[in-house]
Amino acid sequence: MIVAISRAVSNGVREAVMRSWARRIWVLLAAAAPMVAAMAADRLPALSAQGDRFTVSGLSSGAYMAVQVAVAHSARVAGVGVFAGGPYYCVGINAARIERPCMEGDPGADGSIRDAERLAGIRLIDSTENLRRMRAWLLAGEVDTKVVPSVVRSSSEFFAHYNKAGTQFKVEPGLAHGLPTPSQGVACNTSDVPFLNRCGVDRVGDMLSALHPDIPAGSASQGRVLEFTQAEFVPTWRRWWSMSSMASAGYAFVPAQCEKGVRCRVHVALHGCRQGATQIKQVFVRDAGYNGWAAAHDTIVLYPQVQPSQPTMVSWWQPFNPNGCWDWWGYTGTDYAVKTGVQVKAIIAMVDRLAQPR
């Protein structure tokens, strides 16, 4: 009897140890999976692009991030396009502000102006004096109930505080929560994936033309979409443990002339929640309306990507970002809206790579 009990205990201990090691191996494999996937993609090429003065835009969470990049790096950003996005640092470090007032309310611009001045004063972002020469183009959907027009108007008031003449704000009739296109996506008054809305208008083209008013259109229309690894633009420890929500791969549309010696401009286009390539493949990259304009205007379009992430029993350290949104409320850390924020730094590093000599 004693021998049988001893054997049972020994077997139980052995099985427990084996289960423990199996869990550890599973966790390590799960953490390494993004890196393995990233190894399959190419590096983002150096194309001698004009990275010292670039523009940025986005939809929804991508619009909030576009504003953060523009304000944090205002010395380098010439213009910002906002589709359904709110004012800079609207949430601050108080996540209770996410829905009200920062999505469904009327946050105003005063708090954002004070925060920008304070953060510039301690050199976490560039001087707000740069905002006086930045162009801003903002669009709200008339029937958008996710990010209501008053929130986008507050963002326009923030930029108009510094450059009233260079700020344009519009409300699109009949548009719900999405990016208005001439013919792609769901109905104009629908808020659903892929959040591209058939409204019969080219607002992406209007936005890009407003941010680049002095650029004549050429006749070029060819280019290609490149897939590249984003791993090298994220710190190793964050990459290993998936603590940034950055996807393994990003994309760039490169006009043919930009690969043949023309020194092209750079525009950064940031997708919204539930709109990244891990969720809807390359629909935003190919159909949002950026590429045709870019090919005719010697402009490279950079499409950085984030992906969903959330804690589980075996990956409790991952940020809570189940919809694949860009960080505009602090899930990657309290520095999410300044130069040291992991996503802001990654985007800037990608622009820097495009600007490196061929």
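Above this text you will find the structure in question.
The residue numbering used here restarts from 1 in each chain and proceeds along that chain's sequence as written. Reporting in this predicted model follows two pLDDT cut-offs: at least 70 for local features of residues, and 80 or more for side-chain atom pairs to be given and counted; totals over whole chains, interfaces and linings ignore these cut-offs and use all residues. Side-chain descriptors were evaluated using all non-hydrogen atoms of the structure, hydrogens and water having been removed beforehand.

## What about empty space enclosed by the protein?
1) Next: Any residue with an atom within 4 Å of a point lines the site, the site being either a cavity, points on a 1 Å grid over the protein atoms alone where a 1.4 Å probe fits but cannot get out, or a pocket, an open set with protein on both sides within 12 Å along at least 5 of 7 lines. Grid points are joined across faces, edges and corners, and a volume is the space filled by probe spheres set on the points. Going through the model one piece at a time under the given rule, you end up with one cavity of 30 Å³ or more.
2) Next: By volume, the largest cavity amounts to about 40 Å³.
3) Next: Tyr 64, Val 67, Gln 68, Gly 86, Pro 87, Tyr 88, Tyr 89, Cys 90, Val 91 and Trp 328 are the residues that line the largest cavity.
4) Next: Under this grouping Gly is polar, as are all residues other than the nonpolar Ala, Val, Leu, Ile, Met, Phe, Trp, Tyr, Cys and Pro and the charged Asp, Glu, Lys and Arg. Its residues placed into classes, the lining of the largest cavity shows eight nonpolar, two polar and no charged.

## As for the state of the cysteines
1) Next: Any two cysteine sulfur atoms within 2.5 Å of one another count as a disulfide. Counting across every chain of the model gives four disulfides.
2) Next: Two residues, Cys 258 and Cys 264, share a disulfide whose sulfurs are 2.0 Å apart. When the S-S torsion is -95°, as for the bridge of Cys 258 with Cys 264, the disulfide is left-handed.
3) Next: We classify Cys 264 as buried; its relative accessible area is 1%.
4) Next: With its sulfur 2.0 Å from that of its partner, Cys 273 forms a disulfide with Cys 325. Residues Cys 273 and Cys 325 are joined by a disulfide whose S-S torsion is about 125°; by sign, that bridge is right-handed. Taken together, the residues Cys 273 in the loop between strand E10 (265–270) and helix H7 (277–280) and Cys 325 in the loop between strand E11 (299–303) and helix H10 (342–355) connect sequence positions 52 residues apart.
5) Next: A simple rule labels every residue: compare its accessible area, found with a 1.4 Å probe on the protein chains alone, to the largest value its type can have, and call it buried under 20%, exposed over 50%, or partly exposed in between. For Cys 325, a relative accessible area of 6% corresponds to the buried category. Runs of H or I in DSSP of at least four residues are treated as helices and runs of E of at least two as strands, each being numbered from the N terminus.

## Points about helix H4 (residues 149–162)
1) Next: To estimate the expected span of a helix, subtract one from its residue number and multiply by 1.5 Å. Taking 1.5 Å per residue as the helical rise, H4 with its 14 residues ought to reach 20 Å, and the 21 Å between its terminal C-alpha atoms agrees with that figure.
2) Next: In terms of burial, H4 is a largely internal element, 10 of the 14 residues being buried.
3) Next: Inspection of H4 places Pro 149, Ser 150, Val 151, Val 152, Ser 154, Ser 155, Ser 156, Phe 158, Phe 159 and Tyr 162 among the buried residues, and these make up the whole buried set.

## Observations regarding the layout of surface pockets
1) Next: In this model, the largest pocket occupies a volume close to 420 Å³.
2) Next: What lines the largest pocket is a set of 21 residues, among which Ser 60, Met 103, Cys 273, Asn 323 and Cys 325 lie closest to the centre.
3) Next: Its residues assigned to classes, the lining of the largest pocket comprises 12 nonpolar, seven polar and two charged.

## Brief notes about the pairing of E10
1) Next: Most of E10 is tucked away: five of the six residues are buried.
2) Next: Here a strand pair is declared whenever DSSP counts at least two bridges between the two strands. As defined by bridge partners, strand E1 (residues 54–59) adjoins E10 across four bridges and the pair is classed as parallel. In the strand pairing of E10, Gly 58 is matched with Leu 270.
3) Next: Pairing of E10 with E11 involves four bridges; the strand directions are parallel. Its bridge partner lying in E11, Arg 265 is registered against Thr 299.

## With respect to the sheet that holds strand E7 (residues 196–198)
1) Next: Read across the sheet, three strands follow the order E5-E7-E6 without closing on themselves; strand pairing throughout is parallel. Looking along the sheet, the strands with just one partner apiece sit at the ends: strand E5 (179–181) and strand E6 (186–187).
2) Next: Sheet analysis places E6 next to E7, joined by two bridges and oriented parallel. Of the residues in E7, the one forming a bridge with Ala 187 is Arg 198.

## Quick notes on the sheet that holds E11
By definition, the strands of a sheet pair up through backbone hydrogen bonds, in either a parallel or an antiparallel sense.
1) Next: If you walk across this open sheet you meet the eight strands as E4-E3-E2-E1-E10-E11-E9-E8, and the pairing is mixed. Whereas interior strands pair on both sides, the edge strands pair on one side only; in this sheet they are strand E4 (167–172) and strand E8 (223–229). On average, each strand axis in the sheet is inclined to that of its neighbour by 15°, with strand direction left out of account.
2) Next: Contacts: residue pairs with any heavy atoms within 4.5 Å of one another. Interaxial angle, 0 to 180 degrees, is taken between N-to-C directions of lines fitted to C-alpha atoms, where a helix line uses only the stretch in contact. Set on the sheet, helix H2 (residues 61–72) makes contact with E1, strand E2 (77–83) and E10; between it and E1 the angle comes to about 155°.

## A short note on the nonpolar core
1) Next: Take the buried Ala, Val, Leu, Ile, Met, Phe, Trp, Tyr and Cys residues and link them wherever side-chain atoms come within 4.5 Å; each set so joined is a nonpolar core. By size, the foremost hydrophobic cluster in this structure holds 99 residues, and its most contacted members are Tyr 88, Phe 158 and Tyr 290.
2) Next: Sort the elements by how many residues they give to this core and H2 lands first, with nine residues.
3) Next: If near-sequence neighbours (up to four positions away) are discounted, Tyr 88 is found in contact with Val 67, Gln 68, Val 71, Ser 112, Ala 116, Leu 119, Ile 125, Phe 158, Ala 337 and Val 338.

## Topic: the pairing of E2
1) Next: With seven of seven residues buried, E2 is to be regarded as a mostly interior element.
2) Next: Note that E1 and E2 share six bridges and pair parallel. The residue of E2 that forms the bridge with Thr 55 is Gly 79.
3) Next: With respect to chirality, the unit in which E1 leads through H2 into the neighbouring parallel E2 is right-handed.
4) Next: For E2 and strand E3 (residues 135–141), the ladder comprises five bridges, and the chain directions are parallel. Along E3, the bridge assignment pairs Phe 83 with Leu 139.
5) Next: Look down the strands so they point away from you; if going from the first strand over the helix to the second traces a clockwise path, that crossover is right-handed. Regarding the hand of the β-α-β motif, the stretch spanning E2, helix H3 (residues 110–121) and E3 is right-handed.

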